[in-house]
Amino acid sequence: MIPGNNMLAIAFVLSFCILYANADCPDGYMKHQGSCYRFHHSEFTWPEAVSFCHAFNAHLLKLETEAEFIFVKGKAKEAGGDGYWTGGSDAVEENNWVWAETGTALTLTNDWGTGEPDHVSGRDCLGIWGAGDFKLGAYDCRHLLRPICEVDIETPAQGIVG
């Protein structure tokens with residue numbers, strides 16, 4: 001085989017592998033374990049980010065495992081920016097952080113940025129804090145951050161509530 005054809009064949013195989021690896025994900029999303037993620041570049045308030053993800057049949061990021069957070073943190077660092085919205089909130093009860101989509105408690109309590117959560121009234125929405133080494137931080141929900149939209153691929157889609 002001619003060396004140029006080898007490179008073409010390798011490029012084709014790699015492209016096929018990448019497409020196959022993300023086959024379960026919508027266009028523009030990357031797959032990791034049982035979910036697909038998209039790191040958006042536009043900034044929104046938290047309520048706008050929730051609606052934005054819902055418009056794409058997705059939800060704001062819900063961090064369930066340390067491995068998932070390590071993956072997300074690495075991708076957030078690559079993408080840069082001031083920070084990203086997750087689907088967490090303590091708006092119902094101060095300092096009782098839950099994933100708004102499901103009402104389940106936040107369990108990654110060792111991943112807060114320095115001084116977080118700060119327990120300041122009105123800072124009820126959970127973000128990944130760019131200046132804080134992409135750890136978790138409490139934000140005013142009117143703050144502008146980029147959304148991370150997530151689509152679950154191992155369980156059937158659930159109806160949107162609210």
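Throughout this document, residue positions are counted from 1 along each chain, in the order its sequence is written. Local features in a predicted model are, by the rule used here, given only for residues with pLDDT of at least 70; side-chain atom pairs are given and counted only at 80 or more, and totals for whole chains, interfaces and linings are based on all residues. Each side-chain value is worked out from all heavy atoms of the structure, with water and hydrogens disregarded.

**Student:** Residues and numbers for the overall build of the chain, please.
**Tutor:** Secondary structure elements are defined from DSSP: runs of H or I of at least 4 residues count as helices, runs of E of at least 2 residues count as strands, and each element is numbered from the N terminus. When its secondary structure is counted, the chain shows three helices and eight strands. Starting at the N terminus and walking to the C terminus, you meet the elements of the chain as α-β-β-α-β-α-β-β-β-β-β. The burial tally for the chain puts 41% of its 162 residues in the buried class. Per-residue accessibility takes into account occlusion by the displayed protein chains alone, with areas from the Shrake-Rupley method and a 1.4 Å probe. Here the chain displays about 9,300 Å² of accessible surface, and carbon together with sulfur accounts for 57% of that area. Think of it in three bands: residues with accessible area under 20% of the maximum for their type are buried, residues over 50% are exposed, and the middle band is partly exposed, with areas taken using a 1.4 Å probe on protein chains only.

**Student:** A description of the nonpolar core should follow, citing residues and the corresponding values.
**Tutor:** The set of buried Ala, Val, Leu, Ile, Met, Phe, Trp, Tyr and Cys residues whose side-chain atoms join them within 4.5 Å is what this entry labels a nonpolar core. Core analysis: the biggest nonpolar cluster contains 20 residues, and L63, V72, I128, L136 and I148 have the highest contact counts within it. Listing elements by their share of this core, those giving two or more residues are β2 (35-39), α3 (66-79), β6 (125-129) and β7 (135-139). Here the element with the most residues in this core is α3; it accounts for four residues. The contact definition used throughout considers only heavy atoms, calling two residues in contact when any of these lie within 4.5 Å. Aside from chain neighbours lying at most four places away, what touches L136 is L63, F69, L106, L108, D111, W112, G113, E116, L126, G127 and I128. Listed in part, the 16 residues of the second largest apolar core include C36, Y139, C141 and L145.

**Student:** Give me the pattern of salt bridges: which residues, what numbers.
**Tutor:** For salt bridges, the criterion is a side-chain nitrogen of Lys or Arg within 4 Å of an Asp or Glu carboxyl oxygen. In total, this model carries six salt bridges according to the counting rule given. In this structure, the salt-bridge partner of R123 is D118, at a minimum N-O distance of 2.7 Å. Among the residues examined, R123 registers a relative accessible area of 28% and is labelled partly exposed. D118 sits in the partly exposed class, given a relative accessible area of 22%. D140 is the salt-bridge partner of R142, the closest N and O atoms lying 2.7 Å from each other.

**Student:** Got a sec to walk through the state of the cysteines? Specific residues and values, please.
**Tutor:** Cysteine sulfur atoms are paired as a disulfide whenever they fall within 2.5 Å. Evaluated as defined, the whole model comprises three disulfides. Each sulfur in the disulfide pair C53 and C149 lies 2.0 Å from the other. The disulfide joining C53 to C149 has a torsion of about -85 degrees about its S-S bond and is therefore left-handed. Of this pair, C53 sits in helix α2 (residues 46-55) while C149 sits in strand β8 (residues 146-152), and the two are 96 residues apart along the sequence. The exposure classification of C53 matches that of C149, with both residues buried. Along the chain, the cysteines that take part in disulfide bonds pair up as 1-2, 3-6, 4-5, counted in sequence order.

**Student:** Describe the side chain of H40, naming the residues involved and giving the relevant values.
**Tutor:** Following the sequence through the fold, H40 ends up in the loop between β2 and α2. In contact with H40, other than residues within four places in its own chain, are Y29, F52, Y84, R146, P147 and C149.

**Student:** Got a sec to walk through the pairing of β2? Specific residues and values, please.
**Tutor:** β2 sits mainly inside the fold: four of its five residues count as buried. Summarising the sheet, strand β1 (residues 30-32) and β2 pair through three bridges and their orientation is antiparallel. Of the residues in β2, the one forming a bridge with K31 is C36. Hairpin connection, β1 to β2: the antiparallel pair is bridged by two residues, and Q33 has positive phi, about 50 degrees. Strand pairing is assigned whenever DSSP detects at least two bridges linking the two strands.

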